[in-house]
Amino acid sequence: MKLKSLNLGRPSLRQTLMPLAAIVLGSGGSLVWANANAAGAGDAAPNSAHAPSEADQAVTTLLKQRLPRTQVSRVNCQLVDGVCEVTAGSQLFYVDRTARYLLIGRVYDMQTRQDLTAVRLLEVNPDLLVGGAAGSKQEAQEVETPRRGVSTPAASGAPRMMSLAALPEAGGIVWGASSGPSVTVFSDFRCGYCRALSGVLESMNVRVIERPISVLGSRDLANQVFCARDRRKAVKAAYAGTPITDTRTCDTSPLDANERFAREQGLAGTPVIVRSDGAVIEGFRPREVLEQWLKGAKS
């Protein structure tokens with residue numbers, strides 16, 4: 001998560017930040033809307049047509065002054081009280097209503113259990129089936145560094161690679177086809193895209209090494225799955241939202257290693273899929289895409 005002060009003028013900090021009091025900075029820097037009963041937080045339909053309000057127009061004017069090199073295509077201050085969603089090409093970020101503070105991350109509706117950022121990113125770029133990785137450090141760089149003229153991995157087309165050598169083997173929950181190619185998935189059991197990915201991987205001939213990380217406050221659930229006598233069954237139960245009945249107390253420190261690794265790598269969203277050669281996909285992908293991607297693994 002990056003919190004940028006645009007530093008034009010100096011309004012009262014209390015006055016500026018009070019509308020943002022319900023925002024919680026979650027693990028790994030994701031942005032989570034914590035006030036489940038806030039007016040309008042769960043009522044507005046993200047896919048509905050958006051007519052610019054006076055607040056939208058005012059923030060748009062301020063952004064033209066403060067980010068003159070950023071082509072802002074839409075501002076929506078009506079989705080979440082106190083926060084304005086800004087669309088700039090295929091990128092998404094947030095500002096307060098004074099357009100002084102810029103926030104890069106995810107907005108998650110605790111009442112409807114909907115990732116509002118993921119929904120909007122799919123609208124902006126329907127060809128990109130992103131998961132909860134909207135708030136990763138890489139994405140933050142993609143918004144910020146092009147304005148400074150710095151090349152980013154996404155801009156240069158360089159794929160992301162990740163070494164898993166430092167991770168203890170014990171932190172992985174293994175399921176799937178024992179004889180198939182291995183794929184490591186950093187997941188959150190409360191992430192809808194992770195649930196969908198789990199179903200896709202189950203239909204494929206792959207050996208899944210699932211490494212839970214708590215992006216959406218799911219550590220207690222991850223502990224239950226990790227300590228279950230039948231972990232494969234517990235994974236299914238966790239994603240289905242059904243009780244895990246065969247869990248017990250056990251050492252969950254290997255899950256701590258997953259969390260540390262995720263923070264170090266800037267993984268603020270899920271799912272994140274890592275191939276055996278270290279190639280990375282951030283977000284959900286359909287089966288046909290994953291099958292082709294796995295074929296490209298280098299031994």
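Heads up: the structure comes first, above all this text.
Being a predicted model, the structure only gives us computed values, none of them experimental. Here the residue numbering is sequential within each chain, running from 1 through the sequence in written order. Predicted model: local features are reported for residues with pLDDT of at least 70 only, side-chain atom pairs are reported and counted for 80 or more only, and whole-chain, interface and lining totals are derived from all residues. The side-chain quantities take in all heavy atoms of the structure and omit both hydrogens and water.

Caption draft 1: Layout of the nonpolar core. Take the buried residues of types Ala, Val, Leu, Ile, Met, Phe, Trp, Tyr and Cys, join any two whose side-chain atoms come within 4.5 Å, and each joined set is a nonpolar core. Here the term buried applies to any residue with accessible area under 20% of the maximum for its type, exposed to any over 50%, and partly exposed to those in between, with areas from a 1.4 Å probe on protein chains only. With 46 residues, the main nonpolar core has Phe186, Leu201 and Leu290 as its most contacted residues. Throughout, a residue-residue contact means that at least one pair of heavy atoms, one from each residue, lies within 4.5 Å. With sequence-adjacent residues up to four places away left out, Leu290 is seen in contact with Leu197, Val200, Leu201, Met204, Ile273, Ile281 and Arg285. Residues Val59, Leu63, Val75 and Cys84 belong to the second largest nonpolar core, which totals 13 residues.

Caption draft 2: Highlighting the sheet that holds strand S13 (residues 272-275). Strand order in the open sheet formed by five strands is S10-S12-S11-S13-S14, and the pairing between neighbours is mixed. This sheet does not close on itself; its edge strands, each paired only once, are strand S10 (173-176) and strand S14 (280-282). Put simply, the sheet's adjacent strands are angled 25° from each other on average, direction ignored. Only when DSSP finds a minimum of two bridges between them are two strands counted as paired. Secondary structure counts use DSSP, requiring at least four H or I residues in a row for a helix and at least two E residues in a row for a strand, with both numbered from the N terminus. By the bridge criterion, three bridges tie S13 to S14 in an arrangement that is antiparallel. Bridging from a neighbouring strand, Val274 pairs with Val280 of S14. Those strands touched by helix H6 (residues 192-202) are S10, strand S11 (182-187), strand S12 (207-212) and S13, and its axis lies near 165° from that of S11. Its contacts with the sheet put helix H8 (residues 231-240) on S10, S11 and S12, and the angle it makes with S10 is roughly 85°. Simply put, an axis is a line fit to the C-alpha atoms, just over the touching stretch for a helix, and the angle between two N-to-C directions goes from 0 to 180 degrees.

Caption draft 3: Quick look at the pattern of salt bridges. Basic side-chain nitrogens of Lys or Arg form a salt bridge, by our definition, when they fall within 4 Å of a carboxyl oxygen of Asp or Glu. For the structure shown, the criterion picks out seven salt bridges. Linking Glu259 and Arg219 is a salt bridge whose minimum nitrogen-to-oxygen distance equals 4.0 Å. Taken together, the residues span a long stretch of sequence, with Glu259 in helix H9 (residues 253-265) and Arg219 in helix H7 (residues 219-226) at a distance of 40 residues. When salt bridges with common partners are traced through the structure, they connect Arg219, Asp256 and Glu259 into a single cluster.

Caption draft 4: Summary view of the packing of H7 against H8. Running from amino to carboxyl end, H7 crosses H8 at an angle of 150°, the nearest separation of the two axes being 8 Å. Compared by their axis directions, H7 and H8 come out roughly antiparallel. On the side of H7, the interface is formed by Leu221, Val225 and Phe226, while H8 contributes Arg231, Ala234, Val235 and Ala238. When residues are grouped by polarity, Ala, Val, Leu, Ile, Met, Phe, Trp, Tyr, Cys and Pro land in nonpolar, Asp, Glu, Lys and Arg in charged, and all others, Gly among them, in polar. For the contact of H7 with H8, the class distribution of residues is six nonpolar, no polar and one charged. Any angle that falls under 35 degrees is termed roughly parallel, while one over 145 is termed roughly antiparallel, one within 65 to 115 roughly perpendicular, and all others oblique.

Caption draft 5: Focus on unusual backbone geometry. The amide bond that connects Thr270 to the next residue, Pro271, takes the cis arrangement and shows omega of 0°. Within the secondary structure layout, Pro271 lies in the loop between H9 and S13. Phi is positive for Ala99, close to 55°, though the residue is something other than glycine. Inspection of the secondary structure puts Ala99 in the loop between strand S6 (91-96) and strand S7 (101-104).

Caption draft 6: Examining the environment of Ala240 more closely. On the secondary structure map, Ala240 appears in helix H8. Taking relative accessible area as the criterion, Ala240 reaches 56% and is therefore assigned exposed. As a C-alpha pair, Ala240 and Arg190 span 50 residues in sequence and 9.5 Å in three-dimensional space.

Caption draft 7: Main features of helix H2 (residues 54-66). Helix length check: H2 (13 residues) gives 18 Å between terminal C-alpha atoms against 18 Å at 1.5 Å per residue, within 8%. Considered for burial, the residues of H2 that qualify are Asp56, Val59, Leu63 and Arg66. Taken end-on, H2 shows its buried residues confined to a sector of 95°, consistent with a single buried face. Relative to its buried face, H2 has exposed residues pointing more than 90 degrees away, namely Glu54, Lys64 and Gln65. Residue count minus one, scaled by 1.5 Å, sets the expected span of a helix. The arc in question is traced by the directions running from the helix axis to the C-beta atoms.

Caption draft 8: Representation of the state of the cysteines within the structure. For this text, the term disulfide refers to a pair of cysteine sulfurs within 2.5 Å. In this structure the tally under the stated criterion is two disulfides. Disulfide pairing places Cys77 opposite Cys84 at an S-S distance of 2.0 Å. Taking the torsion about the sulfur-sulfur bond, which here is approximately 105°, the covalent link between Cys77 and Cys84 counts as right-handed. Both residues of the pair, Cys77 and Cys84, belong to the buried class. Here the chain pairs its bonded cysteines, counted in sequence order, in the arrangement 1-2, 3-4.

Caption draft 9: Looking closely at the side chain of Arg219. One polar contact links Arg219 to Asn223, side chain to side chain, over a distance of 2.8 Å. Excluding anything up to four places from it in sequence, Arg219 contacts Ser214, Thr252, Leu255, Asp256 and Glu259. In the analysis that follows, any N or O atom pair within 3.5 Å is treated as a polar contact, provided that within protein one partner can donate a hydrogen and the other can accept it, and provided that, for residues neighboring in sequence, both atoms belong to side chains.

Caption draft 10: Structural context of helix H10 (residues 287-295). Restricting attention to buried positions, one finds in H10 the residues Leu290, Trp293 and Leu294. The buried residues of H10 occupy an angular sector of 95° when projected down its axis, which confines them to one face. The outward face of H10, more than 90 degrees from its buried face, is lined by the exposed residues Glu288, Gln292 and Lys295. Considering only its buried residues, H10 is in contact with S11, H6, S13 and S14.

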